Amino acid sequence: FFLLNSKQLFKHLKKIEGLRDVHTIYFQQLQTLFVRNLPIEQATLLWDAFLRDGSVVMIRACVAVLLLLESKILQTDFSGELMRLLMPMYKGIDVCKKVNEVVVPKRCIMMLNELQNKVV
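Residues numbered from 1 in each chain as written. Predicted model: local features only at pLDDT ≥ 70, side-chain atom pairs only at ≥ 80, totals over all residues. Heavy atoms only, no water.

A. Expanded view of helix H2 (residues 7–15). Turning to H2, its buried residues number three or more, namely Leu-9, His-12 and Leu-13. Projected onto a plane normal to the axis of H2, the buried residues spread over an arc of 100° and lie on a single side. Exposed and oriented more than 90 degrees from the buried face of H2 are Lys-7, Lys-11, Lys-14 and Lys-15. On its buried face, H2 sits against helix H3 (19–31), helix H5 (56–68), helix H6 (70–73) and helix H7 (79–86). One or two residues past the end of H2 sits Glu-17, with phi positive at roughly 55°. (Buried < 20%, exposed > 50% of the residue type's maximum accessible area, 1.4 Å probe, protein only. Helix = DSSP H or I, 4+ residues; strand = E, 2+ residues; numbered from the N terminus. Arc of directions from axis to C-beta. Contact = heavy atoms within 4.5 Å.)

Below, the structure is given as structure tokens:
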């Protein structure tokens, strides 16, 4: 998803070996539906969208945060800096506004829907 939305960000994360860290962080945030990292007002909007549209909303939210913090991420030199940047509460960014701009390939949306239907 990073490559579709920002080639520069993808290349930088790959260069600093930060892709694994990003996956680890966002796995934790997906488990808690962003309640630990977003102000409650934004988290509840994401929950509503998640219930309406499914898992793809949370994937878009993860990428949206990266895009909103892209300029800061591009200044990091190693994955430890990246972890410190992505772990705390996100203040001063509106994730909900950015979510709809994130591109997710149709095949991934179909795969997420299939997985979600199997669970239900």
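B. Region of interest: the side chain of Gln-42. Relative to the helices and strands, Gln-42 is located in helix H4 (residues 40–53). Each residue touching Gln-42, except ones within four places of it in the same chain, is listed here: Ile-93, Asp-94, Val-95 and Cys-96.

C. A look at the nonpolar core. In terms of nonpolar packing, the biggest core is built from 36 residues, with Tyr-26, Phe-34, Leu-46, Ile-73, Leu-86, Tyr-90 and Val-95 touching the most fellow members. For this core, the elements supplying multiple residues, two or more each, are H2, H3, H4, H5, H7, helix H8 (95–99) and helix H9 (106–119). With eleven residues, the single largest contributor to this core is H5. Among residues more than four places away in sequence, those in contact with Leu-46 are Phe-34, Leu-38, Val-57, Met-58, Ala-61, Val-95, Cys-96 and Val-99. (Core = buried A, V, L, I, M, F, W, Y, C linked by side-chain atoms within 4.5 Å.)

D. Broad picture of the packing of H4 against H5. Running from N to C, H4 and H5 point in directions that differ by 140°, and their axes come no closer than 8 Å. Relative to H5, H4 is oriented oblique. Residues Leu-46, Trp-47, Ala-49, Phe-50 and Asp-53 of H4 form the contact with H5, whose participating residues are Val-56, Val-57, Met-58 and Ala-61. (Axes fitted to C-alpha atoms, helices over the stretch in contact; angles between N-to-C directions. Parallel < 35°, antiparallel > 145°, perpendicular 65-115°, else oblique.)

E. The arrangement of the pattern of salt bridges in detail. This structure, assessed with the given rule, holds two salt bridges. A salt bridge links Arg-52 to Asp-53; the shortest N-O distance between them is 2.8 Å. With relative accessibility at 63%, the residue Arg-52 sits in the exposed group. The shortest N-O distance in the salt bridge between Lys-98 and Glu-101 comes to 3.0 Å. (Salt bridge = Lys/Arg side-chain N within 4 Å of Asp/Glu carboxyl O.)

F. Main features of the environment of Val-56. Tracing the chain through its elements places Val-56 in helix H5. Since its relative accessible area comes to 7%, Val-56 is described here as buried. Between the C-alpha atoms of Val-56 and His-12, which are 44 residues apart in sequence, the distance is 24 Å. Apart from residues lying up to four places away in sequence, Val-56 is in contact with Val-104, Ile-109 and Leu-112.

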